[in-house]
Amino acid sequence: MALIDLFTRRPAAPAAPAEDPAPRVWPEIGETWKPEGLPVAERYYNQAHAVVLVASTGHDPYGTTYHLVACLGCHFLSTRTKYYDSHIRYTLTAAAGAANEHAGTCRALPRELPARPQESAARHLLHSWVRAMPRRRDLQYTDFDLSDFDSGRLELQRTNEWIQTELEALAIEQSDLLSARTDEHTGTVRFRILPQSH
């Protein structure tokens, strides 16, 4: 072998084709969980890797979509932000900010995912919420709509359509307790708890 051969550049041997990286193993708690009636828009991880969900709860007649924030580590659940003396439902931007803020300080370990209740249990739960709604002493009735159930949506795991259908059925079955009417301006169905004789 001549001395010149030691300094001659040779093309490098082709590198072996890189293997596809193994898919990242995500925590089972929350990452692929999609509760019915709550489309998950964003997920954040808290300090102990519990998921903080931002999920859609529905939209108003004008097309604004609203969200809730729920931590699957601790029991934090928020559906509204305080603005002066008002409590305003979360837009995606506001919900994302609240979720990120909570995730940055929460150290709760991941809990088991809430189980989706059976149909009869979900119906009973919804009816119990209606009956337990506080009656205003200075009014003869209490009006509400589907957004008043936002804080229970993670427990209920049902769509807005299901909730509305069940409430309308309850208004027919127990017309002395609940009435349903369509708002002529927005087209949304509103419900009214009627005064009860004691």
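Right above here is the structure, for reference.
Remember, it's a predicted structure, so these values are computed and weren't measured experimentally.

A.B. asks: For this particular structure, what's the right way to read the sheet that holds strand β9 (residues 189-193)?
C.D. replies: As a general point, the strands of a sheet are linked pairwise by backbone hydrogen bonds and lie either parallel or antiparallel. One open sheet accounts for 3 strands, arranged β7-β9-β8; its pairing is antiparallel. Either end of the sheet is taken by a strand with one partner, and the two such strands are β7 (142-144) and β8 (178-182). Looking at each pair of strands side by side, their axes are set apart by 25 degrees on average, direction ignored. As judged from the 5 bridges shared by β8 and β9, these two strands associate in the antiparallel manner.

A.B. asks: Please explain the nonpolar core as it appears in this structure.
C.D. replies: Core analysis: the biggest nonpolar cluster contains 19 residues, and Val130, Phe144, Phe149, Ile163, Leu167 and Leu178 have the highest contact counts within it. Contributing elements (two or more residues each) for this core: α3 (119-132), α5 (160-173) and β9. In terms of residue count, α5 provides more of this core than any other element does, 5 residues in total. Discounting chain neighbours no more than four positions away, the residues touching Ile163 are Leu126, Leu146, Phe149, Arg153, Leu156 and Arg158.

A.B. asks: Explanation requested: the environment of Gly97 in the structure shown.
C.D. replies: Among the structural elements, Gly97 can be located in helix α2 (residues 92-105). Residue Gly97 is classed as partly exposed on the basis of its relative accessible area of 39%. Through-space distance from the C-alpha of Gly97 to that of Val54 is 9.9 Å; in sequence the pair is 43 residues apart.

A.B. asks: What am I meant to see in the state of the cysteines here?
C.D. replies: As used in these notes, a disulfide is a covalent bond between sulfur atoms, one from each of two cysteines. Using the criterion set out here, one finds 0 disulfides in the structure. Cys74 provides the cysteine sulfur closest to Cys71, a residue in no disulfide bond, and the two sulfurs are 3.7 Å apart. A disulfide-free cysteine, Cys106 has its sulfur positioned 3.9 Å from the sulfur of Cys74, the nearest such atom.

How each quantity is defined
- Residues numbered from 1 in each chain as written.
- Predicted model: local features only at pLDDT ≥ 70, side-chain atom pairs only at ≥ 80, totals over all residues.
- Heavy atoms only, no water.
- Pairing = 2+ DSSP bridges.
- Helix = DSSP H or I, 4+ residues; strand = E, 2+ residues; numbered from the N terminus.
- Axes fitted to C-alpha atoms, helices over the stretch in contact; angles between N-to-C directions.
- Core = buried A, V, L, I, M, F, W, Y, C linked by side-chain atoms within 4.5 Å.
- Buried < 20%, exposed > 50% of the residue type's maximum accessible area, 1.4 Å probe, protein only.
- Contact = heavy atoms within 4.5 Å.
- Disulfide = S-S within 2.5 Å.

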